[in-house]
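The chain contents come next:
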Amino acid sequence: MSASVIDLLATEARFGANNYAPIGVVLSRGEGVWVWDTEGNRYLDCLSAYSAVSQGHCHPKILAAMVEQAHRLTLTSRAFHNDQLALFYEEIAALTGSHKVLPMNSGAEAVESAIKSVRKWGYEVKGVPDGEAEIIVCADNFHGRTLGVVGFSTDAETRGHFGPFAPGFKIIPFGDATALEQAITPNTVAFLVEPIQGEAGVIIPPAGYFTEVRELCTANNVMLVLDEIQTGLGRTGKLLAEQHEGIEADVTLLGKALSGGFYPVSAVLSNNDVLGTLRPGQHGSTFGGNPLACAVARAAMRVLVEEGMIENAATQGARFLQGLKDIRANTIREVRGRGLMLAVELHPEAGRARRYCEALQGKGILAKDTHEHTIRIAPPLVITSDQVDWALEQFATVLTQDFS
Ligand SMILES: *Cc1c(COP(=O)(O)O)cnc(C)c1O
């Protein structure tokens, strides 16, 4: 590492809140699947900012839309209309088949907004007594970092010493429809769940789970809220991960790739009933739905479809998954994934996943460990077969390496 890089790391450590432990690489440029560090070394990005850069780094069409809009108008607040919002609504509703849209900024804000909306729906439409709404969530969930959301996390690190937390949440195991059935009461307004648990290590529920979940929610008048902030917008090889299950959520949350990594843009999508309960003054966001965000999101959705990224995620995801399965290494316990949302779980004896991610960095691949023993792999959806094959060679080398 050069002196200037060491200076940057020292300055970060000195002034920054110490809430991250990044891999020791300082990035300064990106294009497509590639990123470069300050010393000019090139890496294949196998994290894509947790799926926010699905369209590839600095996608030229999203960039052009952003620059063009930034020259015209960036923020009006929702006190006035802007000429991008209606077009954003129309396009995201057409893409996802939704009736109503609530634009927010971060993913966690979309989750919070959904919680507020389903509670209100519960009181005003379902007839739950005021203050008694219950929302069911899953163990090992990840829905963001706000106080409301970490209150129903089951991760000690995520919750520790941040309480007291808001009541009204029930936690059940993921992938267990019977547990859902037993947890539902007349006061249950929603079941909030990820189609595939990303942060938990790319955990795919048993086949048929979501069909049963959908039936239970419908039968009990419970809103099914799917957090597709990570799985949505092509990541799993379909526009929405719910499509693998042949179901439709009542409320869908999008974020991350909704802006192609340029700007925080998130959205709550729903049928008419749920978002229909919100009245002027009851919810809002200074930046939510601003013209810059809308223009960026419109371009980000457009390139995803026009450039065939969703189909490519399915094709290259299958190639990547098979290639990982073909690696014969006794470090590997399990390989799993859907589309380009993949994970390699290591045997506990193989040591921490972090070491392997650092070794991958040395081979020109940036990937992120999660939960000690899992390497998560989520490259931009524009990755080619040659790039997948090259990445697989690097994974094979590192996973067959003897670290002991
Ligand atoms: C990233 C993520 C969030 C939170 O999004 P932020 O933009 O970081 O607030 C919520 N849910 C899921 C499934 C996520 O992956």
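Just above, that's the structure.
Residues numbered from 1 in each chain as written. Predicted model: local features only at pLDDT ≥ 70, side-chain atom pairs only at ≥ 80, totals over all residues. Heavy atoms only, no water.

So, the sheet that holds strand 5 (residues 134-138)
Strand pairing in a sheet relies on backbone hydrogen bonds, with the paired strands running either antiparallel or parallel.
Inference 1: Here we have seven strands laid out as an open sheet, ordered 4-10-9-8-7-5-6, and mixed in their pairing. Either end of the sheet is taken by a strand with one partner, and the two such strands are strand 4 (100-104) and strand 6 (169-172). Averaged over all neighbouring strand pairs, the angle between strand axes comes to 20°, with direction disregarded.
Inference 2: Judged from the three bridges that link them, strand 8 (residues 223-227) and strand 9 (residues 251-254) form a sheet pairing that is parallel. By the bridge assignment for strand 9, Asp227 is matched with Leu253. (Pairing = 2+ DSSP bridges. Helix = DSSP H or I, 4+ residues; strand = E, 2+ residues; numbered from the N terminus. Axes fitted to C-alpha atoms, helices over the stretch in contact; angles between N-to-C directions.)

Brief notes about the layout of surface pockets
Inference 1: Space inside the second largest pocket adds up to approximately 510 Å³.
Inference 2: Along its surface, the second largest pocket is lined by 20 residues, and Arg78, Tyr89, Val101, Leu102 and Pro103 are the ones closest to its centre.
Inference 3: With five residues, strand 4 is the single largest residue contributor to the lining of the second largest pocket.
Inference 4: Of the residues contributing to the lining of the second largest pocket, the split by class is nine nonpolar, eight polar and three charged. (1 Å grid on protein atoms, 1.4 Å probe; cavity = no way out; pocket = protein on both sides within 12 Å on 5 of 7 lines; lining within 4 Å. Points joined across faces, edges and corners; volume = space filled by probe spheres on them. Nonpolar A, V, L, I, M, F, W, Y, C, P; charged D, E, K, R; others polar.)

Considerations on the sheet that holds strand 3 (residues 42-45)
Inference 1: With mixed pairing, the four strands of this open sheet are ordered in space as 1-2-3-13. This sheet does not close on itself; its edge strands, each paired only once, are strand 1 (27-31) and strand 13 (365-366).
Inference 2: Alignment of strand 1 against strand 2 (residues 34-37), held across four bridges, turns out to be antiparallel. When the sheet's bridge partners are listed, Arg29 is paired in strand 2 with Trp36.

A short note on the pattern of salt bridges
Inference 1: Inspection of every chain in the model, using the stated rule, returns 16 salt bridges.
Inference 2: Note that Glu307 and Lys61 form a salt bridge whose closest N and O atoms lie 3.6 Å from each other. One end of the pair, Glu307, is in the loop between helix 12 (291-306) and helix 13 (309-326); the other, Lys61, is in helix 3 (residues 60-72), and 246 residues separate them in sequence.
Inference 3: Accessibility expressed as a relative area gives 38% for Glu307, which makes it partly exposed.
Inference 4: For Lys61, a relative accessible area of 46% translates into the label partly exposed.
Inference 5: For Glu124, the salt bridge is made with Lys120, and the minimal N-O distance between the two is 2.7 Å. Separated by four residues within a single helix, Glu124 and Lys120 lie in helix 5 (residues 107-126), roughly one turn from each other.
Inference 6: Owing to a relative accessible area of 17%, Lys120 belongs among the buried residues under this scheme.
Inference 7: In this structure, a network of salt bridges that share partners links the residues Arg333, Glu334, Arg336 and Glu345. (Salt bridge = Lys/Arg side-chain N within 4 Å of Asp/Glu carboxyl O. Buried < 20%, exposed > 50% of the residue type's maximum accessible area, 1.4 Å probe, protein only.)

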